[in-house]
Amino acid sequence: MGMSVIISAAAAEDAEQILKLQYLGYQPEAELYGDWAIEPLTQSLESLRAELTEQHFLVARLGDEVVGTVRGHVGADGVGRIGRLVVHPRMQRHGLGGRLLDALERRLAEDGRVSAFRLFTGHRSLGNLRLYARQGYRQTRVEQVNSRLSFVHLEKPVSTPLAATA
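Worth saying up front: this structure is predicted, and the values here are computed from it rather than measured.

Reading guide: rules and limits
Residues numbered from 1 in each chain as written. Predicted model: local features only at pLDDT ≥ 70, side-chain atom pairs only at ≥ 80, totals over all residues. Heavy atoms only, no water. Axes fitted to C-alpha atoms, helices over the stretch in contact; angles between N-to-C directions. Helix = DSSP H or I, 4+ residues; strand = E, 2+ residues; numbered from the N terminus. Parallel < 35°, antiparallel > 145°, perpendicular 65-115°, else oblique. Left-handed = near helix turned anticlockwise from the far one by under 90°. Contact = heavy atoms within 4.5 Å. Nonpolar A, V, L, I, M, F, W, Y, C, P; charged D, E, K, R; others polar. Polar contact = N/O pair within 3.5 Å; in protein donor to acceptor, adjacent residues only side chain to side chain. Salt bridge = Lys/Arg side-chain N within 4 Å of Asp/Glu carboxyl O. Buried < 20%, exposed > 50% of the residue type's maximum accessible area, 1.4 Å probe, protein only.

1. Concerning the packing of helix α1 (residues 15-25) against helix α4 (residues 45-54)
Between α1 and α4, whose axes approach to 10 Å, the crossing angle comes to 115°. On the basis of their axis angle, the class for α1 and α4 is roughly perpendicular. At the point where α1 passes α4, the crossing takes the right-handed sense. Residue-level inspection shows Ala15, Glu16, Ile18, Leu19 and Gln22 of α1 in contact with α4, the latter providing Leu45, Leu48, Arg49 and Leu52. Of the residues belonging to the contact of α1 with α4, the class tally is 6 nonpolar, 1 polar and 2 charged.

As structure tokens, this is what we get:
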């Protein structure tokens, strides 16, 4: 009998597993862009612990192991900003990234009025771009970071439920 992946809010004691998963998950990105100094690979445990208190973090667990994570917050402008969606390489291409994204969008919407969700990824990260397109995100702009990297910014409007008719 196989175990199910459970998505829940991250706890402070998940920080080390999240950091290790982030490090593992961003290795292919670093290789793709030839840059091993990207922030997800250089973030300290102390910095991640601080973020845990400032943002919503979700984790996907398979038993006791954290196999996925995503974080985000709602800005003063009502925009839900989403970052660092990571799924363990052995768990990719099974819909877990989409499930994490959906769960975080719902969590952020609980914070109050959210008009849209925004995130970004590298221009060569085609798998990420396909996932975000499937989830309803559309490109809003491209930001040139340096000669090797551009960030593709994407946005998804929050769908408003239809009003009941009399």
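2. Some points on the side chain of Arg71
For Arg71, the location among the structural elements is in strand β3 (residues 65-74). Here the side chain of Arg71 touches Gln22 through a polar contact of 2.6 Å, side chain to side chain.

3. With respect to the pattern of salt bridges
Proximity of charged atoms lets side chains of opposite charge pair with each other. Here the structure, examined in full by the defined rule, presents 9 salt bridges. With its nearest N and O atoms 2.8 Å apart, the salt bridge here joins Glu51 to Arg71. You can see Glu51 sitting in helix α4 and its partner Arg71 sitting in strand β3, a full 20 residues away along the chain. The partner of Glu110 in a salt bridge is Arg107, and the shortest N-O contact between them spans 3.8 Å.

4. A word on the environment of Ile7
Looking at where Ile7 falls in the secondary structure, it is placed in strand β1 (residues 5-9). For Ile7, a relative accessible area of 23% puts it in the partly exposed group. With 28 residues separating them in the primary sequence, Ile7 and Asp35 have C-alpha atoms 31 Å apart. In this structure, Ile7 is in contact with Leu58, Val59, Ala60, Leu96, Arg99, Leu100 and Ala103, ignoring residues within four places of it in sequence.

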